[in-house]
Amino acid sequence: MIKPRNCEVILNYDCNAKCRFCYHPEAVLNQVAERMPFAKAAEALYKGRREKCWVAYLIGGEITMRPDLPKIVRIARDMGYPYVQVMSNGLKLADPAYARELVEAGANIFRVSVHGPDAATHDALVGVPGAFKKVMKAFDNLTRLGAEISVNHALNKRNYKKLKPLLEIISGRFGIEDFNVIFPHYNGMMAARASELKVSVTQAVPYVREALAYLKDSGAAIEDTVLVNFTPCNLPEAVHLMAEWERPAGTKDEPLFHIDGREDRIHGLKERLCLKNKGCEACIYNARCMGFEKWYSDLFGGSEFRPVRKPAVPFPLVPSHNRLKRAQVLLKKKGLRADAGAGLAKPCRRPELA
Ligand code: SF4
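Every value quoted in this text rests on a predicted model; they were computed, and no experiment measured them.

1. Here's the deal with the sheet that holds strand S9 (residues 255–257)
Argument step 1. Across the sheet, 10 strands lie side by side as S8-S7-S6-S5-S4-S3-S2-S1-S9-S10; this open sheet has mixed pairing. Edge positions in the open sheet fall to strand S8 (242–243) and strand S10 (263–265), since each of these has one partner strand only.
Argument step 2. Bridge count for strand S5 (residues 148–154) against strand S6 (residues 178–182) is 5 bridges, and the pairing is parallel. By the bridge assignment for S6, Val151 is matched with Phe179.

See below:
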């Protein structure tokens with residue numbers, strides 16, 4: 001199965017929420033002046049498309065703060081990206097007219113953040129009263145519009161025991177198959193508020209296991225990997241359900257464009273943030289694993305990362321890749337070949353920046 005490559009573009013840092021765990025430092029938030037200029041965003045998307053990326057992945061900050069977001073979405077589709085993914089806290093997507101405007105511009109995947117299974121947990125974590133209700137409304141709007149929904153969930157001390165009830169909502173109630181349970185990056189506000197929010201791998205893992213068991217027992221479909229910023233030694237039975245722990249093999253690392261237009265690589269960036277223990281040398285994943293984050297080590301040390309000596313029996317939950325299969329059908333209908341970079345046999349159009 002050929003997986004789509006992402007081109008990630010950081011469009012801005014300003015935000016209409018005040019997440020207590022935001023991995024940006026407070027100083028960069030609400031800096032409207034630091035938005036990536038439209039021409040730079042278009043150029044970054046063009047470069048990603050020339051690298052045969054399928055998914056224009058637009059991230060922030062909160063990108064719906066930009067009045068020109070529909071224009072950026074449209075230009076990405078004009079370049080031939082079959083998928084434009086909007087990452088959002090969901091607040092503005094509660095407005096059906098705005099959600100429709102983005103879908104009509106060409107956005108077809110919405111990655112929305114939900115940080116608890118109830119208003120008390122989510123609203124307190126994102127610092128916006130009424131936010132949970134708006135996210136639920138955003139899901140309703142996007143479902144009605146036929147857009148694909150993905151979810152990001154940032155684990156921390158206030159929510160890590162509530163993962164199963166959260167999945168009962170996003171998977172059980174809304175039938176969302178694509179979600180990321182993200183172990184904390186102890187950077188920015190998350191590091192500044194570590195005493196209030198920190199949770200260790202050892203504390204979190206039993207609740208992750210409870211959530212995986214719920215998914216299996218309920219017969220839920222999952223699109224792809226569901227655990228981010230974990231390492232194989234944390235949950236050896238769930239390695240096949242983890243993303244971003246492994247050096248990319250055989251394929252070129254995916255591009256990430258910073259707000260100043262600087263070009264980076266997703267896994268290259270992650271690897272620069274990681275370190276390993278002496279014991280890692282004895283681990284069967286050592287050659288593939290990028291290690292654990294230095295920020296984590298600063299708070300908890302590295303003693304929880306112990307070598308895996310032999311592969312564990314995989315937890316019986318397997319990604320469906322339903323979306324990917326739908327993508328393949330869509331490309332075929334358009335006469336495009338997935339392995340040729342979704343139609344890049346012919347050159348994509350450089351944007352006109354009138
Ligand atoms: S290489 Fe180290 S960090 Fe990676 S899975 Fe093995 S023990 Fe854990």
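2. A closer look at helix H6 (residues 163–173)
Argument step 1. Of all the positions in H6, only Leu163, Leu166, Leu167, Ile170 and Ser171 are classed as buried. Take H6 and look down its axis: the buried residues cluster within an arc of 100°, on one side only.
Argument step 2. Structurally, H6 contributes buried residues whose contacts are with S5, S6 and helix H9 (201–218).
Argument step 3. Gly175 sits one or two positions beyond H6 and adopts a positive phi of about 65°.

3. Things to note about the packing of helix H4 (residues 119–126) against helix H5 (residues 131–145)
Argument step 1. Put simply, H4 and H5 touch, their axes get as near as 7 Å, and they point 105° apart. Taken as axis vectors, H4 and H5 run roughly perpendicular relative to one another. Two secondary-structure elements touch here, H4 through Ala119, His122, Asp123 and Val126 and H5 through Ala131, Phe132 and Lys133.
Argument step 2. Looking at side-chain class alone, the contact of H4 with H5 contains 4 nonpolar, 1 polar and 2 charged residues.

4. Observations regarding the site of the ligand
Argument step 1. If you check the shell around the ligand, you find 16 residues, and the closest are Pro232, Cys233, Cys280, Cys283 and Cys289.
Argument step 2. Among the residues making up the shell around the ligand, the classes are represented as 10 nonpolar, 4 polar and 2 charged.

Reading the values: the criteria
Residues numbered from 1 in each chain as written. Predicted model: local features only at pLDDT ≥ 70, side-chain atom pairs only at ≥ 80, totals over all residues. Pairing = 2+ DSSP bridges. Helix = DSSP H or I, 4+ residues; strand = E, 2+ residues; numbered from the N terminus. Buried ≥ 20, exposed ≤ 12 C-beta atoms within 10 Å, placed from the backbone. Arc of directions from axis to C-beta. Contact = placed C-beta atoms within 7 Å. Axes fitted to C-alpha atoms, helices over the stretch in contact; angles between N-to-C directions. Parallel < 35°, antiparallel > 145°, perpendicular 65-115°, else oblique. Nonpolar A, V, L, I, M, F, W, Y, C, P; charged D, E, K, R; others polar. Near = placed C-beta within 6 Å.

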